[in-house]
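# Structure at a glance
So you can see what is in the structure, the chains are spelled out below.
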Number of protein chains: 2
Amino acid sequence: MPAPRRLDPEDAQLALGKVQDLLRRQHLVESLAHRQTEGDQRADLVENLLHRQHESELKTLVDDLHPSDIAFILESLPKDERQTVWHLVSAKHDADVLLEVDDWVRESLIETMDHQDLVAATGNMDADELADLAPDLPPDVVAEVQKGLTEEERARLIEAMGYPEDSVGAIMDFDMVRVREDVTLEVVLRYLRRLNELPDHTDQIFVVDREDKLLGVLSLSRLLLSQLETEVRAVMDTDILTLNPLDSDADAAGAFERYDLVSAPVIDDHGRLIGRVTIAEVVDVIREDSEEQALSRAGMQEEDIFAPVRSALRNRAPWLLLNLCTAGIASLVASHFEDTVSHIVILAFLMSIVAGIGGNSGNQTMTLIIRALAVGRVTTRNVWQLIKREMLVTLLVGLCGSAAAAVFAWVLSGSPSIALVMMAAMVLNMLVGASVGVIVPMVRSRFGKDPAIGSSVLLTFATDSLGFFIFLGLATLFLI
Amino acid sequence: MPAPRRLDPEDAQLALGKVQDLLRRQHLVESLAHRQTEGDQRADLVENLLHRQHESELKTLVDDLHPSDIAFILESLPKDERQTVWHLVSAKHDADVLLEVDDWVRESLIETMDHQDLVAATGNMDADELADLAPDLPPDVVAEVQKGLTEEERARLIEAMGYPEDSVGAIMDFDMVRVREDVTLEVVLRYLRRLNELPDHTDQIFVVDREDKLLGVLSLSRLLLSQLETEVRAVMDTDILTLNPLDSDADAAGAFERYDLVSAPVIDDHGRLIGRVTIAEVVDVIREDSEEQALSRAGMQEEDIFAPVRSALRNRAPWLLLNLCTAGIASLVASHFEDTVSHIVILAFLMSIVAGIGGNSGNQTMTLIIRALAVGRVTTRNVWQLIKREMLVTLLVGLCGSAAAAVFAWVLSGSPSIALVMMAAMVLNMLVGASVGVIVPMVRSRFGKDPAIGSSVLLTFATDSLGFFIFLGLATLFLI
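Each value, and the rule that gives it
- Residues numbered from 1 in each chain as written.
- Chains lettered and ligands numbered in written order.
- Predicted model: local features only at pLDDT ≥ 70, side-chain atom pairs only at ≥ 80, totals over all residues.
- Heavy atoms only, no water.
- UniProt positions renumbered as here; feature names shortened; annotations may be inferred.
- Helix = DSSP H or I, 4+ residues; strand = E, 2+ residues; numbered from the N terminus.
- Rg over C-alpha atoms; globule rule 2.2 N^0.38 Å.
- Buried < 20%, exposed > 50% of the residue type's maximum accessible area, 1.4 Å probe, protein only.
- Areas by Shrake-Rupley, 256 points an atom, 1.4 Å probe, with all protein chains shown as cover.
- Lys, Arg positive; Asp, Glu negative; His and termini not counted.
- Charge placed at Lys NZ, Arg CZ, Asp CG, Glu CD.
- Axes fitted to C-alpha atoms, helices over the stretch in contact; angles between N-to-C directions.
- Parallel < 35°, antiparallel > 145°, perpendicular 65-115°, else oblique.
- Left-handed = near helix turned anticlockwise from the far one by under 90°.
- Contact = heavy atoms within 4.5 Å.
- Nonpolar A, V, L, I, M, F, W, Y, C, P; charged D, E, K, R; others polar.
- Salt bridge = Lys/Arg side-chain N within 4 Å of Asp/Glu carboxyl O.
- Buried area = accessible area lost by both parts, 1.4 Å probe.
- Least-squares fit on C-alpha atoms with pLDDT ≥ 70 in both.
- Phe/Tyr/Trp six-rings, centres within 6.5 Å; stacked < 30°, edge-to-face > 60°.
- Lys NZ or Arg CZ within 6 Å of the ring centre and 35° of its normal.
- Pairing = 2+ DSSP bridges.
- Patch = residues over 30% accessible without salt bridge, like charges linked within 9 Å, V, L, I, M, F, W, Y side chains within 5 Å.
- Core = buried A, V, L, I, M, F, W, Y, C linked by side-chain atoms within 4.5 Å.
- Domains from an automatic or database assignment.

The name given to chain A in an unreviewed UniProt entry is Magnesium transporter MgtE, with Orrella dioscoreae as the source organism. In its Sequence similarities (unreviewed entry) section, the UniProt record describing chain A reads: "Belongs to the SLC41A transporter family."

What follows is the structure, encoded as structure tokens:
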């Protein structure tokens, strides 16, 4: 009897380390063998032996792991090593690992599998799992696998494949246990025992009528604690939250979070039960959304540390070119003040401070507003209060900060009037940053766009261009 | 019998809108009344009536909501309105709302409650809930409430208060159902029926020996589906993940996510069961971590749109001053090239492009590395591969981008040699950005520090200062 395992977050990392060690030793043996004269059969033999020994060590190591941990290791290896290890994963784990790995890894794994392997791996999947994989699978595999499905499963597969990516339909499964409201709990229990196993994350079973309309839910704990002769309708819960397959997955996640749900029914427009969403999927949605946000702030889409170089270029270049354009425009704006700068060269070194701090300050405001928008805390009624508050905070921080900057400018230039211009420009540019930081995300969200993406480019553009313009403009007016 | 509700993420927002409307109408009545002559009793009467009518409308509206939604509304209102609404929340919701709201709102709610209210609200809390609130409560309230606890609960309260903030101990609860391994499932069921209710998120009950040592878990579905005469030991699961109260909550969250858990037992160093963690707490941990990260990237700690202005200043000023320092140093570096810039003024307008793009490019690298570090995907064995890959990607993107920038510089200055200096400086500075983006997070994480915070300041500092230095240095060497 195995003892309860301790949580050790380094378990998977340790396994990863061992896998990497074995792979490296294998490389070493191979490169040594290459250096031998080609005909040297003994070296070949040794290489072969070592190779097989490493392979079997790797295989034992990997097969002992949870499919999620195998997925983690595959995600952490460069492509060639990933495929070496993937070949050693036993077929019984194939399906689970394929479902667990990130999209960009999945492609490279499927690439190396032949038709037969793929059919074997996907043949026993549920309709919702198959729908997740289908876009990455060769069409002939999908065609063959779906032949093996029942009529009902095929209909579900087609349905599940039809929902857009960020919808409840895309994350729901079909593992619902249904009962009628007019039977006793004893009958329900007898029915459940015949199922042999309940679907994962079953915390409640669904009560439907003859037309599959959802009437309520019966929680497992209620089922366990009530008298067996009670009818389902007497103990079922009718005050429940239902989802529509076209709801956004982020909204569903919000509801799970707020009401502490483990599973929730999905019903169609006629009130019929068509699926359920579980907390396991919701946790993935929350995590992916937060990673997507972090990446999109740096102008990237999903990319991993070992994605091919070409896809990394495609991923990163557009953002940098966009930033290059806005920086170019800002410097064009500044270059109109060439005369001023050639008279007082020190301005050239101060102007980037004005632009930079405006951007930093605006970024603080924008981060706050985007977060408030995300949780729906901004309404038409509190918008003005919000704007006023942000302007006040920015003005106060700006006065402190620009005083410090003015002292710096004074020391550097020896001119109190340059210091005053610096101070005024900095406060003004920070107010520009705050305005853009409040307005741009709000306008984007009003038009149904993601407030985060794009806002930061516009912010930098505004604080750079206007920062240069305000500072050099004031300098031209008052110093020349 | 209420029909199943549809998920409507705007429900809480609609309620918020109504609350804001009612509050506004009330303000209006009050301000009108102030304009009347003081002795006008009729106006006072009307005001009183309207006031009471609004209050009762508000009360009905708010009392109908789920405590989580009340918490949401309180978080979305400025402080004075928040306290008006809080007074109308009926006492039965007090405890739940206090537990649900964010820390910074909780303080302002507790402020307005007297000793009696607070004792009433917290008197029936579990030890783990009380431990969460205790730091915000007046000491005399805690003293009075803990008198009403049993010996066992008091011990738990003291224990729970002792764990550090981001540990498993701080998020665990004590609602475990325990059984012995040598009883039959029928006995277990009879025992459960006497409990009347199972704790929230009970998907498994814990099997312990006489010394409370955890032997295994019995899932509710196994309990439901197995024959009643079976002994617990025959159907319990022993391959389970256990947590230690001092594990980090983020690691625990990772395990829940990876292994799709709903609850997990917490055991002490002697293997004794001392608590459990549920997915509800884990989801909060995941969400809070991701918000914290988003805020910390902008140099802020938790702040909300209606936090007091003074705390907003304290929150934002240090970051801006820090950025002011680094920007100041960068401009000091640049000012050493005053002669060069006074000869070729156009350099002043190009240098900020070089600095900016280096920062943007380094930020992409850094975002990727921080994410890979967070999931433990960077090991000593793949560090070099990673660095080589990032340098290659940056070099390639840099060559494209700097060619575009060189064309721009050529057009602006009319000088091909300025264009060449621009191109070289930009590629070099992007490589600086990539190096800092890889090395700084790794070094920070090696020394046990959060790789995200602080890294971005260092990155901007490096790409600004070195960007100016490289560009103006090359210009001095080749153009003067």
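Along its length, chain A carries 22 helices and seven strands. Computed over the C-alpha atoms, the radius of gyration of chain A is 31 Å, more than 25% above the 23 Å expected from 2.2 N^0.38 for a compact globule of 480 residues. Structurally, chain A occupies a C-alpha span of about 90 × 80 × 45 Å along its principal axes. Looking at chain A as a whole, 53% of its 480 residues are labelled buried. Per element, the accessible surface of chain A, about 21900 Å² overall, is 54% carbon and sulfur. Positive and negative side-chain charges in chain A, numbering 41 and 75 respectively, have mean positions lying 4 Å apart.

Here helix H19 (residues 346–374) of chain A crosses helix H17 (residues 309–335) of chain B at 155°, and the two axes come no closer than 9 Å. Looking at the two axes, H19(A) sits roughly antiparallel to H17(B). In the packing of H19(A) onto H17(B), the handedness of the crossing is right-handed. The segment H19(A) lies against H17(B), with Phe349(A), Ile353(A), Ile357(A), Asn360(A), Ser361(A), Gln364(A), Thr365(A) and Leu368(A) engaging Arg316(B), Trp319(B), Leu320(B), Asn323(B), Leu324(B), Ala327(B), Gly328(B), Ser331(B), Ala334(B) and Ser335(B). Residue classes in the contact of H19(A) with H17(B) are distributed as nine nonpolar, eight polar and one charged.

Moving on, we come to the pattern of salt bridges. Applying the stated rule across the entire model yields 30 salt bridges over all chains. With a closest N to O distance of 3.3 Å, Arg106(B) and Asp103(B) form a salt bridge. With Arg106(B) and Asp103(B) both in helix H6 (residues 103–111) and three residues apart, this pair spans about one turn of that helix. Residue classification places Arg106(B) among the buried positions, given a relative accessible area of 6%. Salt bridges here are not isolated pairs; linked through shared partners, they connect Asp103(A), Arg106(A) and Asp136(A).

Here we come to the packing of helix H15 (residues 249–259) of chain B against helix H16 (residues 279–297) of chain B. For any two helices packed against each other, the geometry is given by the interaxial angle and the distance between the axes. Residues and elements named next belong to chain B. Viewed as axis vectors pointing N to C, H15 and H16 meet at an angle of 115°, and their least axial separation amounts to 9 Å. Once H15 is placed against H16, the crossing between them reads as left-handed. Residue-level inspection shows Asp 249, Ala 250, Ala 253 and Phe 256 of H15 in contact with H16, the latter providing Ile 279, Val 282, Val 285, Ile 286 and Asp 289. Split by residue class, the contact of H15 with H16 holds seven nonpolar, no polar and two charged.

What follows is about the interface of chain A and chain B. Taken together, the contact pairs 138 residues of chain A with 137 residues of chain B. Both faces combined, the contact of chain A with chain B buries some 12700 Å², and carbon together with sulfur accounts for 63% of it. The interface formed by chain A and chain B includes eight salt bridges. Salt-bridge contacts for Arg287(A) lead to Glu257(B); the nearest nitrogen and oxygen are separated by 2.7 Å. Within the side of chain A that touches chain B, the residues separate by chemical class into 77 nonpolar, 33 polar and 28 charged.

Now for the relation of the copies chain A and chain B. Note on the identical chains: chain A maps onto chain B by a rotation of 180° and an axial translation of 0.0 Å, with an RMSD of 0.1 Å. Both copies are brought into coincidence by an operation consistent with a two-fold rotation axis. Closest to the rotation axis within chain A is the C-alpha of Ala348(A), separated from it by 2.7 Å. Mapped onto chain B, 99% of the interface residues of chain A again fall at the interface, so both copies present the same surface.

A few words now on the UniProt feature "transmembrane region" (unreviewed entry) in chain A. Residue and element names in this part refer to chain A. UniProt annotation of "transmembrane region" (unreviewed entry) refers to residues 343–361, 391–412, 418–440 and 452–479 when read in the numbering used here. Segment residues 343–361 splits into 89% helix and 0% strand. End C-alpha atoms: 30 Å apart. As a span, residues 418–440 carries 100% helix and 0% strand, and end to end its C-alpha atoms are 32 Å apart.

The topology assignment puts Thr367(B) in helix H19 (residues 346–374). Sequence-distant contacts of Thr367(B), that is, excluding residues within four places in its chain, are made with Ala294(A), Leu295(A), Ala298(A) and Met300(A).

Okay, the packing of aromatic side chains next. Using the criterion set out here, one finds two aromatic pairs over all chains in the structure. Geometrically, the ring pair formed by Phe337(B) and Phe469(B) is edge-to-face, given 6.0 Å between the ring centres and 65° between the ring planes. Linking Phe337(B) in the loop between H17 and helix H18 (338–343) with Phe469(B) in helix H22 (residues 455–479), this pair joins segments that are 132 residues apart in sequence. Relative accessible area serves as the criterion here: at 13%, Phe337(B) is assigned to the buried category. Across from the ring centre of Phe72(B), 4.8 Å away, lies the NZ or CZ of Arg258(A), which sits over that ring.

Another aspect to go through is the pairing of strand E4 (residues 214–219) of chain B. Residue and element names in this part refer to chain B. Along E4, five of the six residues are buried, which leaves the element largely enclosed by surrounding structure. For strand E3 (residues 204–208) and E4, the ladder comprises five bridges, and the chain directions are antiparallel. Bridge pairing links Gln 204 to Ser 219 in E4. The loop that links E3 with its antiparallel partner E4 comprises five residues; one of these, Asp 212, has a positive phi angle of about 70°.

Before going further, it helps to spend a moment on a nonpolar patch on the surface. Residues Leu392(A), Leu395(A), Leu396(A) and Leu399(A) make up a contiguous nonpolar surface patch of about 290 Å² in total accessible area. Here Leu392(A) is to be found in helix H20 (residues 383–413).

Residue and element names in this part refer to chain B. Where burial is concerned, most of E3 is hidden: five out of the five residues are buried. Side chains of E3 alternate between two faces, with Gln 204, Phe 206 and Val 208 and Ile 205 and Val 207 buried alike. Sheet analysis places strand E2 (residues 178–179) next to E3, joined by two bridges and oriented parallel. Residue pairing for E3: Val 179 is matched across the bridge by Val 207.

Now for the nonpolar core. In this structure, Val19(A), Leu74(A), Leu243(A), Val277(A), Val19(B), Leu243(B) and Val277(B) are the most contacted members of the largest nonpolar core, which totals 152 residues. Contact partners of Val19(B), with chain neighbours within four places excluded, come to Leu58(B), Leu61(B), Val62(B), Ile73(B), Leu77(B) and Val85(B). By size, the runner-up hydrophobic cluster in this structure holds 93 residues, among which are Val432(A), Trp319(B), Met351(B) and Ala475(B).

Moving on, we get to the domain arrangement of chain A. Residue and element names in this part refer to chain A. What the domain assignment reports for chain A is domain 1 (10–166), domain 2 (178–297) and domain 3 (309–479). Distance between the C-alpha centres of domain 1 and domain 2: 33 Å. Taken together, the contact between domain 1 and domain 2 spans six residues of the former and seven residues of the latter. It is Glu 159, Tyr 163 and Asp 166 in domain 1 that bury the most area against domain 2; as a group they hold 73% of the surface buried on that side. For the pair domain 1 and domain 2, the interface holds zero salt bridges.

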